[in-house]
Amino acid sequence: VLAKVAALLKSQTREREKAVQEVHSAADNLGTKVVPDEMLKINGFKINHWHQTFENIPGGDFIDYVSIDEHRGVIVLGDVMGKKWKAWYFAVAYAGYVRSAVRFALNANTEILPSKILESVNSSVFHDERIAEVFITLSILVLDSNSKVITYSGAGDLPLIFKSKETKFINSRGLLLGFSSDPEYKDYTIETNANDELFLFTDGIIESRNPAGDMYGKDRLLERIKNLNSTEDSLDQIKSIFSEFTQNKFEDDVSIISIKTEG
């Protein structure tokens, strides 16, 4: 009986590994990445991200960077509500809509505002029956190092955490994409000074639990960021603390982006 059980477990492990390899192979063959290999480079800002897929399977989080010029750029963080292959497929579709909207605005030589990008993406999603019923959160930021201003708008997303003289949440309260044909998205202006830092994150961070079942939560993350050592890399510290809390057992894709204003 023990030998039979052992053989079944071994077979199940092989099948899972085969399935994971097939998903990765499909993703590679499509030539589509939902998280870029390199960070956005803008004079005056230091940008970094940490992304960990759920059980090493492509999932629903996506990050995109668009460089406008050496002083301006766009940062996008999205999260499709689902896991594994299906979520990854829709993440690719949404990422495509966002990229098209950003590039259309650039080519039209209009003012690049996060709210207008969201409106454009929402219009596309609302009229696309294939993904109109898929829930997604989306954060869009436009960075300008000349003014040291970050403009932000969000759709159903989690609050940003801004670490300056005080550490606080910034909430967009924007409507989830696809729910209305004509939603109103608001732009928030964040004026930054040297060494200020802004964090975007998905729910894989705050909804993960420790072995005792305690959820990490937004308030715990806020407190950790408030007490970061300014002489060390912020994401390295967050990753270490979070991994220790969860014992490296994550329940979803984990994504967090940091934006630090340089002196």
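Residues numbered from 1 in each chain as written. Predicted model: local features only at pLDDT ≥ 70, side-chain atom pairs only at ≥ 80, totals over all residues. Heavy atoms only, no water.

Engineer: Help me understand unusual backbone geometry in this model?
Structural biologist: Most peptide bonds adopt trans geometry, and most residues besides glycine take a negative phi value. For lysine 148, which is not glycine, the phi torsion reads 60° and is therefore positive. With respect to the helices and strands, lysine 148 occurs in the loop between strand 4 (136–144) and strand 5 (149–155). The exposure class assigned to lysine 148 is partly exposed, which follows from its relative accessible area of 29%. Backbone geometry places asparagine 248, a non-glycine residue, at a positive phi of 60°. Tracing the sequence through the fold places asparagine 248 in the loop between helix 6 (234–246) and strand 10 (254–261). Using a relative accessible area of 55% as the deciding quantity, one classes asparagine 248 as exposed. (Helix = DSSP H or I, 4+ residues; strand = E, 2+ residues; numbered from the N terminus. Buried < 20%, exposed > 50% of the residue type's maximum accessible area, 1.4 Å probe, protein only.)

Engineer: Please explain the packing of aromatic side chains as it appears in this structure.
Structural biologist: Working definition: an aromatic ring pair is given by the centre-to-centre distance plus the angle between the planes. Under the definition given, this model contains six aromatic pairs. The interplanar angle of 75° and the centroid separation of 6.0 Å between the aromatic rings of tryptophan 50 and phenylalanine 242 together place this pair among those described as edge-to-face. Separated by 192 residues along the polypeptide, tryptophan 50 in strand 1 (residues 45–52) and phenylalanine 242 in helix 6 bring together distant segments of the chain. A relative accessible area of 10% places tryptophan 50 in the buried class. Overall, phenylalanine 242 belongs to the buried group, its relative accessible area being 0%. (Phe/Tyr/Trp six-rings, centres within 6.5 Å; stacked < 30°, edge-to-face > 60°.)

Engineer: Looking at this structure, how should I read the confidence of the model for the chain?
Structural biologist: Close inspection of predicted coordinates is inappropriate for parts of the model with low pLDDT. Confidence along the chain averages 83 in pLDDT terms, with 82% of residues attaining 70 or more. Here helix 1 (residues 2–30) stands out as the element of the chain with the lowest mean pLDDT, 61, in contrast to strand 6 (residues 160–163), whose mean of 98 is the highest. (pLDDT = per-residue confidence, 0-100.)

Engineer: So what exactly am I meant to see when it comes to empty space enclosed by the protein here?
Structural biologist: The gaps of empty space that remain are located by a probe, the size of a water molecule, rolled over the atoms. In this structure the tally under the stated criterion is one cavity of 30 Å³ or more. What the largest cavity holds in volume is close to 40 Å³. Lining the largest cavity are Leu77, Asp79, Thr137, Ser139, Asp157, Leu158, Phe201 and Thr202. At the level of secondary structure, the elements contributing two or more residues to the lining of the largest cavity comprise strand 3 (72–80) and strand 4. Here the residues of the lining of the largest cavity sort into three nonpolar, three polar and two charged. (1 Å grid on protein atoms, 1.4 Å probe; cavity = no way out; pocket = protein on both sides within 12 Å on 5 of 7 lines; lining within 4 Å. Points joined across faces, edges and corners; volume = space filled by probe spheres on them. Nonpolar A, V, L, I, M, F, W, Y, C, P; charged D, E, K, R; others polar.)

Engineer: Please explain the sheet that holds strand 6 as it appears in this structure.
Structural biologist: Whether parallel or antiparallel, the strands of a sheet pair through hydrogen bonds between backbone atoms. Reading across from one edge, 1-10-9-6-7 is the order of the five strands in this open sheet, with antiparallel pairing throughout. Of all the strands in the sheet, just strand 1 and strand 7 (167–170) have a single pairing partner and so form its edges. Across the sheet, the axes of successive neighbouring strands diverge by a mean angle of 20°, strand direction being ignored. Across three bridges, the pairing between strand 6 and strand 9 (residues 197–201) is antiparallel. The partner of lysine 163 across the bridge, within strand 9, is glutamate 197. Contacting strand 6, strand 7 and strand 9, helix 5 (residues 218–226) runs over the sheet at an angle of about 140° to strand 7. (Pairing = 2+ DSSP bridges. Axes fitted to C-alpha atoms, helices over the stretch in contact; angles between N-to-C directions. Contact = heavy atoms within 4.5 Å.)

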